[in-house]
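Okay, here's what each chain looks like letter by letter:
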Amino acid sequence: MAKEGAEKADETEQMIEKEGGKEAGEGSGSLRAGDTKEMRAVLLSGFGGLNKLRVSKKVMPEPQEGELKIRVKACGLNFIDLMVRQGNIDNPPKTPLVPGFECSGIIEALGDSVAGFEIGDRVMAFVNYNAWAEVVCTPVEFVYKIPDDMSFSEAAAFPMNFVTAYMMLFEVANLREGMSVLVHSAGGGVGQAVAQLCSTIPGVTVFGTASSFKHEAIKDSVTHLFDRNADYVQEVKRISAEGVDIVLDCLCGENTGKGLSLLKPLGTYILYGSSNMVTGETKSFFSFAKSWWQVEKVNPIKLYEENKVIAGFSLLNLLFKQGRSGLIKGIMDKLITLYNEKKIKPLVDSLWALEEMSRTIQVFAESEYTSVADLGRSELSSDLNEYSGTHFSTACSTLFKGLQSI
């Protein structure tokens, strides 16, 4: 199944690359005033279920000073996007809005004061919303050139997953040779990025939890793999009586206390998500309350006595609210070097049409990343013969691929 998925993704990617080259060659026509002023985008009309999402026409943005205009070829779907759709985040923005925080594509125009990029460059970017569209404009400090042998779909699966994994492992937890890591949702985009980055350091042991149906696909990426619904605490301690050095938790709820109990002295627990709060199509106050109630109340004196560290990490807040784009640029440079050295590689399984966004999100939420690619794959590769444009692709994270004519 994995081999078949890779072959399908390769076939589809070749079509995207062909279309991308054609559009880059036609780029000069897109710069004249009076050309296309509308674009298609996924619009979230209000917080709630899938019926709040639709493909709609919007005015095409133009770059302001310090911004780049990007013709989007692939854009990512991450778990944070599900939480945004439900309004399940702190200080949610006003609707209607265009979701999406990362994309890849071709530079179509440059705003004033932009240096280091040219029209036609292949790039990947962070976007503060608005990524699920044919065209985005974003500040130059959030844009990075794509390596020559990296595809558009790989590039759209790269920034969020690998920067999050790298920052937690090396900037927050100071991963070193011989340490051990427990990562939840090991089959997800961040989980697989964590596993790959750990493999670049000698002697690192990776414990992972994931739903049992994913084990066959990801069993070779981690050292020890457990069912997320099993008593993984006892399983970890059976292998490593002292526990682990680092816990990376995207689940929250009862897993917080379990994670802290598994930490060795001088170990670090990092919370970077709360997927246990998302249990249905719409926001559930019961799930929120249950998850909050199950979180172990942390006593600072106990942390001091046990020599343990507890931390949180939000890449989007770091970028868009706390102004650390320079730090992220340095991390991206390191990650691109690792990619060029063939030490890491984003895992893309298949691609989805943007019009299928409701179906894609539903399957994504139900299967928690990996199995999304198993549905609709045959229709997908044939559909791409009929259109060009923006693309969603599915990986361990999910990407959308292509606005069909509507």
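Described below are features of the structure shown in this document. Remember, it's a predicted structure, so these values are computed and weren't measured experimentally.

The next point concerns the pairing of strand β8 (residues 180-183). A two-sided burial pattern is seen for β8, the buried positions comprising Ser180 and Leu182 on one face and Val181 and Val183 on the other. Where β8 lies against strand β9 (residues 205-210), four bridges are found, and the strand directions are parallel. For valine 183, the partnering residue across the bridge sits in β9 and is glycine 208. Across three bridges, the pairing between β8 and strand β11 (residues 244-249) is parallel. Bridge pairing links valine 183 to leucine 248 in β11.

Attention now goes to the packing of aromatic side chains. By the definition in use, this model includes seven aromatic pairs. Ring plane angle 90° and centroid distance 6.0 Å describe the contact between phenylalanine 126 and tyrosine 144, whose orientation is recorded as edge-to-face. With a gap of 18 residues between them, phenylalanine 126 in strand β5 (residues 122-126) and tyrosine 144 in strand β7 (residues 143-145) connect regions that are remote in the sequence. Taking the relative accessible area as the measure of exposure, tyrosine 144 reaches 3% and is therefore buried. Taking the centre distance of 6.2 Å and the plane angle of 20° together, the rings of phenylalanine 207 and phenylalanine 226 count as stacked. With a gap of 19 residues between them, phenylalanine 207 in strand β9 and phenylalanine 226 in strand β10 (residues 224-227) connect regions that are remote in the sequence. You can call phenylalanine 226 buried: its relative accessible area is 8%. Put simply, the rings of Phe158, Phe162 and Tyr339 pair up and form one aromatic cluster.

This next bit is on unusual backbone geometry. With an omega dihedral of 5°, the bond running from threonine 95 to proline 96 counts as a cis peptide bond. Mapped onto the secondary structure, proline 96 falls in the loop between α2 (79-86) and β4 (102-110). For asparagine 174, which is not glycine, the phi dihedral falls at a positive 55°. Among the secondary structure elements, asparagine 174 is positioned in the loop between α4 (159-172) and β8.

Let us look at the environment of lysine 264. Mapped onto the elements, lysine 264 comes out in strand β12 (residues 263-271). Sequence separation of lysine 264 and valine 244 is 20 residues, and the distance between their C-alpha atoms is 5.5 Å. Excluding anything up to four places from it in sequence, lysine 264 contacts Ser180, Ser240, Glu242, Gly243, Val244, Asp245, Asn307 and Lys308.

Further remarks concern the packing of α4 against helix α5 (residues 189-198). Relative to each other, α4 and α5 sit at 55°, their axes nearing to 8 Å. One element, α4, and the other, α5, form an angle in the oblique class. In this structure, α4 meets α5 at a crossing whose hand is right-handed. Facing α4, whose interface residues are Asn161, Phe162, Thr164, Ala165, Tyr166, Met168, Leu169 and Phe170, α5 presents Gly189, Val190, Ala193, Val194, Gln196, Leu197 and Cys198.

Another aspect to go through is the pattern of salt bridges. Evaluation of the coordinates by the stated rule reveals 12 salt bridges. Put simply, arginine 71 and glutamate 108 hold a salt bridge, and the shortest N to O gap is 3.0 Å. Linking arginine 71 in strand β3 (residues 67-77) with glutamate 108 in strand β4, this pair joins segments that are 37 residues apart in sequence. Glutamate 108 matches arginine 71 in its accessibility class, with the two residues each being buried. With a shortest N-O distance of 3.0 Å, glutamate 235 and arginine 238 are connected by a salt bridge. Residue glutamate 235 and its partner arginine 238 are located together in helix α7 (residues 232-239), separated by three residues, close to a single helical turn.

Counting 97 residues, the largest nonpolar core has Phe126, Leu175, Leu197, Leu248, Ile328 and Leu335 as its most contacted members. Among the elements that take part in this core, α4 stands out by supplying nine residues, more than any other. Viewed by domain, this core spans two of them, domain 1 (38-145) and domain 2 (159-341), each represented by three or more residues. Setting aside chain neighbours within four positions, we find leucine 197 in contact with Phe162, Ala165, Tyr166, Leu169, Phe170, Leu335, Leu338 and Ile344.

About the thresholds
- Residues take numbers from 1 onward in each chain, read along the sequence in its written order.
- Only residues with pLDDT of 70 or above have their local features reported here, since the model is predicted, and side-chain atom pairs are shown and tallied only from 80 upward, although totals for entire chains, interfaces and linings are computed over all residues.
- Side-chain measures here rest on the full set of heavy atoms in the structure, leaving out hydrogens and waters.
- Here the term buried applies to any residue with accessible area under 20% of the maximum for its type, exposed to any over 50%, and partly exposed to those in between, with areas from a 1.4 Å probe on protein chains only.
- In this text, helices come from DSSP runs of H or I with a minimum length of four residues, and strands from runs of E with a minimum of two, each type numbered from the N-terminal end.
- A pair of strands is treated as paired once DSSP finds two or more bridges between them.
- Aromatic contacts are taken between Phe, Tyr and Trp rings whose centres are within 6.5 Å, Trp giving its six-membered ring; a plane angle under 30 degrees counts as stacked, one over 60 as edge-to-face, and the others as tilted.
- Whether two residues touch is decided by their heavy atoms; if any such pair falls within 4.5 Å, the residues are in contact.
- To obtain each axis, a line is fitted to C-alpha atoms, and for helices this fit is confined to the stretch in contact; angles are then taken between N-to-C directions over 0 to 180 degrees.
- Roughly parallel here means an angle under 35 degrees, roughly antiparallel means over 145, roughly perpendicular means 65 to 115, and every remaining angle is called oblique.
- We call a crossing left-handed when the near helix sits turned anticlockwise from the far one by less than a right angle, and right-handed when that turn is clockwise.
- Basic side-chain nitrogens of Lys or Arg form a salt bridge, by our definition, when they fall within 4 Å of a carboxyl oxygen of Asp or Glu.
- Residues grouped as a nonpolar core are buried Ala, Val, Leu, Ile, Met, Phe, Trp, Tyr and Cys residues, joined through side-chain atoms within 4.5 Å.
- Note that the domain bounds reflect an automated or database-derived domain assignment.

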